[in-house]
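# Observations on the model geometry
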Amino acid sequence: MNREATADLVVRAGTVHTMAAAERPVTALAVRRGEIVAVAAPENAQDLLETWSGPGTTVLDDPGLVVLPAIVDTHNHLMLAARNSLGAPVSLAQDIPRFLELIRERAAHTPSGQWIITGADWHELHLAERRMPTAEELDRATTDHPVLVLRGGHNGVLNSAGLRLAGIGPDTPDVQGGYIARDAAGRPTGRVQDAALELAQKALPALPAGALATGLAHASTEYAAHGIGSVRDPAVTPQEWHTYVRAQADGRLSVRSHAMILSTPASIFAAGSMGAYLDALEAQGITPDAGQGRLRLWGLKFILDGGVEAAALERPYADRPGYHGDLMWDRDDLAQCLAVCVRRGWPVGTHAFGDRAVAVLLDAIRDVVGQHGPIPPGALVIEHGGLIGGDQIADAVDLGVHITVQHALSDGLGPALLASFGPDRTAALWPLRELVDSGAWISAGTDHPIGPLDPLRCVHGMTTRHTPTGVRGPEHAIDRAEALRLYTSSGARLLGHAATGTLVPGAPADMVAYRADPFTCPADDLLRLAPEITAVGGEVVYRRA
Ligand SMILES: [Zn+2]
């Protein structure tokens, strides 16, 4: 074979799980220009190595490796992780004293007067005190800096200097759509929620140019270290999309990202109509499939109900009598907007967590199908579908709706889910067995940073139904091969493009290698199994030190 036709990379491992429909034993593969060009059965592996190796070929010959397609995570907030990576790393704290120490350490390197913002990827239930810190405690970390502690997307705590700069004092009236926590004397305690948190966010200076791209570089490196090759990023602003474009052009993305533009009823209303909203995006080059290299625009993201604190439920919350959660959309508006998007070729993923939200969404989609006939596969997606059940599963199959499921939330939010939904509904979350058996097209995500990033940890949860509050709904478990299929080929189909989630000739060489076989290792080993190597498009983006 002439030198032109040699491979850039050849791999011989103990096992290669190709995830191809009719899988036959494979132990070797060759990669050229980012694509797999050949695979070989054990008896032909030596031949493949000799045929495809040349002077410029990297050879990875290790019978101890087990190779899989790199993980495809179809609901994972990489941009949010990028922001978190820039904040004070309070997720490392196990109690409030350590939490304050981490802020104090950040303060020591921050000019006085400048804001200190934390990462949002932590939860008070993981602190010994099981509560958020107060303004008074944050003042013990620093009074020279305004501090904004972020937790998830809806909650914050300010220190006294932060409260002052946000204009929140004893005389500040309550804000519509938000919450300012106060003590008995009416003084703000520092805790702010939603619209009140926005008051604080408005007081923040813009991030320095390039900071967020650096965050993307850090976060995507971390993703690659977890065996992830592609994510679908479900909440990106148009401005953040442009940051993504720059990061991709500068070669700073270690993994592929398929971004979704977060689109609220308010922003669509402000544009005048759904059509005008799409026109405005398209005018700035934001269109389905825009992007190059490791970056693609997937479509839009709608949010129909809340998360664990505000999912729209048929029966009230277990810990809030009479409260059924919140719907952010009017059903008819939702149907109309989805119809416009389908007509214009814009895919939409809609966050629907509670059973009532799933019902409203399926009802709206039924309208769309009624008007336009069958929708293209993957054009409309249910994000989460936590409490989907019964007839809703059959309806989703009928309507051709994709569902991306996040069992990792049972891990990340375990005690909160149990308190909010009670034991029966907590056990009913993500009925994976029924979804797979009904022929529903589903894929998997961890919803990082809300759920833990590690996909094999999530596979452990999907197959054992283990959660921090014990095993919940074991009858809904699926097997290892099914779970890994959701995380590879099934998710790749939703992303489209060249992504296949398989290791066959013609597929992009996105792969991950482990020291043990995630298909067959003891279940609890999944919690410890970490990649040796991750490659995206044939480029090694992570190698264990
Ligand atoms: Zn999410």
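Residues numbered from 1 in each chain as written. Predicted model: local features only at pLDDT ≥ 70, side-chain atom pairs only at ≥ 80, totals over all residues. Heavy atoms only, no water.

## A few points about the sheet that holds strand S22 (residues 539–543)
- Read across the sheet, 7 strands follow the order S3-S2-S1-S4-S20-S21-S22 without closing on themselves; strand pairing throughout is mixed. Two strands close off the open sheet at either side, each with one partner strand: strand S3 (35–40) and S22. For this sheet, the mean inter-axis angle between neighbouring strands, taken without regard to orientation, is 35°.
- With 5 bridges connecting them, strand S2 (residues 28–32) and S3 associate as antiparallel partners. (Pairing = 2+ DSSP bridges. Helix = DSSP H or I, 4+ residues; strand = E, 2+ residues; numbered from the N terminus. Axes fitted to C-alpha atoms, helices over the stretch in contact; angles between N-to-C directions.)

## Notes on the environment of Thr-446
- In this structure, Thr-446 sits in the loop between strand S17 (442–444) and helix H17 (455–464).
- Given a relative accessible area of 0%, Thr-446 falls into the buried group.
- Ignoring sequence-local partners within four residues, the contact set of Thr-446 consists of Asp-73, His-75, Asn-76, Gln-406, Ala-408, Gly-451, Pro-452, Leu-453, Asp-454, Pro-455, Cys-458 and Tyr-487.
- There is a polar contact of 2.9 Å between the side chain of Thr-446 and the side chain of Asp-73. (Buried < 20%, exposed > 50% of the residue type's maximum accessible area, 1.4 Å probe, protein only. Contact = heavy atoms within 4.5 Å. Polar contact = N/O pair within 3.5 Å; in protein donor to acceptor, adjacent residues only side chain to side chain.)

## A short note on the coordination of the zinc ion
- Looking at the zinc ion, the protein donor atoms are His-75 (NE2), His-77 (NE2) and Asp-447 (OD), and they sit 2.1 to 2.3 Å from it.
- For the zinc ion, all donor residues lie on one chain, and their spacing in sequence is H-x1-H-x369-D. Linking His-77 in the loop between strand S5 (71–73) and helix H2 (78–86) with Asp-447 in the loop between S17 and H17, this pair joins segments that are 370 residues apart in sequence.
- The buried category is assigned to Asp-447, whose relative accessible area is 5%. (Donors = N, O, S within 2.8 Å, 3.2 Å for Na, K, Ca; no water.)

## Focus on the sheet that holds S5
- Overall, parallel pairing links the 8 strands, which are arranged S5-S11-S12-S13-S14-S15-S16-S17 in an open sheet. With one partner strand each, in any of the chains shown, S5 and S17 form the two edges of the open sheet. Across this sheet, the average inter-strand angle for adjacent strands is 25°, counted without regard to direction.
- The sheet contact formed by strand S15 (residues 380–384) and strand S16 (residues 402–405) spans 3 bridges and is parallel. Directly across from Glu-383, in S16, lies its bridge partner Thr-404.

## Focus: the packing of aromatic side chains
- Counted according to the given criterion, the structure contains 6 aromatic pairs.
- Relative to Trp-430, the ring of Phe-353 lies with its centre 5.6 Å away and its plane at 90°, an arrangement referred to as edge-to-face. Highlighted residues: Phe-353 in the loop between strand S14 (348–352) and helix H12 (355–372) and Trp-430 in the loop between helix H15 (414–428) and helix H16 (432–437), separated in sequence by 77 residues.
- By relative accessible area, which is 0% here, Trp-430 ends up buried. (Phe/Tyr/Trp six-rings, centres within 6.5 Å; stacked < 30°, edge-to-face > 60°.)

## Concerning the environment of Ile-375
- Position of Ile-375 among the secondary structure elements: in the loop between H12 and S15.
- The exposure class of Ile-375 is buried, given its relative accessible area of 9%.
- The spatial distance from the C-alpha of Ile-375 to the C-alpha of Ala-339 is 9.7 Å, given a sequence separation of 36 residues.

## Here we look at H17
- Summarising burial for H17: 8 of the 10 residues are buried, a large majority.
- Inspection of H17 places Pro-455, Leu-456, Cys-458, Val-459, His-460, Gly-461, Met-462 and Thr-463 among the buried residues, and these make up the whole buried set.
- Of the residues flanking the start of H17, the one acting as N-cap is Asp-454, its side-chain oxygen 3.0 Å from the backbone nitrogen of Leu-456.
- Directly beyond the C-terminal end of H17, a positive phi value near 60° is found at Arg-465.

## Focus on the domain arrangement of the protein
- The domains assigned to the protein are domain 1 (1–70 + 501–545), domain 2 (116–202) and domain 3 (211–500).
- The centre of domain 1, based on its C-alpha atoms, is set 30 Å off from the matching centre of domain 3.
- Of the residues lining the interface, 28 residues belong to domain 1; the matching set on domain 3 comes to 28 residues.
- Summing both sides of the interface, domain 1 and domain 3 together bury roughly 2,300 Å²; the carbon and sulfur share of this comes to 58%.
- Applying the counting rule to domain 1 against domain 3 returns 2 salt bridges.
- With a closest N to O distance of 2.7 Å, Arg-256 and Asp-510 form a salt bridge.
- Seen at the junction of domain 1 and domain 3, the total is 9 residue pairs in polar contact (both at pLDDT 80 or more).
- Elements that contribute at least two residues to the side of domain 1 that touches domain 3 include exactly strand S4 (58–69), strand S20 (511–514), strand S21 (533–536) and S22.
- No other element matches the 3 residues that S22 contributes to the side of domain 1 that touches domain 3.
- Here the residues of the side of domain 1 that touches domain 3 sort into 20 nonpolar, 5 polar and 3 charged. (Domains from an automatic or database assignment. Buried area = accessible area lost by both parts, 1.4 Å probe. Salt bridge = Lys/Arg side-chain N within 4 Å of Asp/Glu carboxyl O. Nonpolar A, V, L, I, M, F, W, Y, C, P; charged D, E, K, R; others polar.)

## So, the pairing of strand S11 (residues 228–236)
- Among the 9 residues in S11, 8 count as buried, and that is most of the element.
- Judged from the 3 bridges that link them, S5 and S11 form a sheet pairing that is parallel. Note that in S11 the partner of Val-72 across the bridge is Ser-230.

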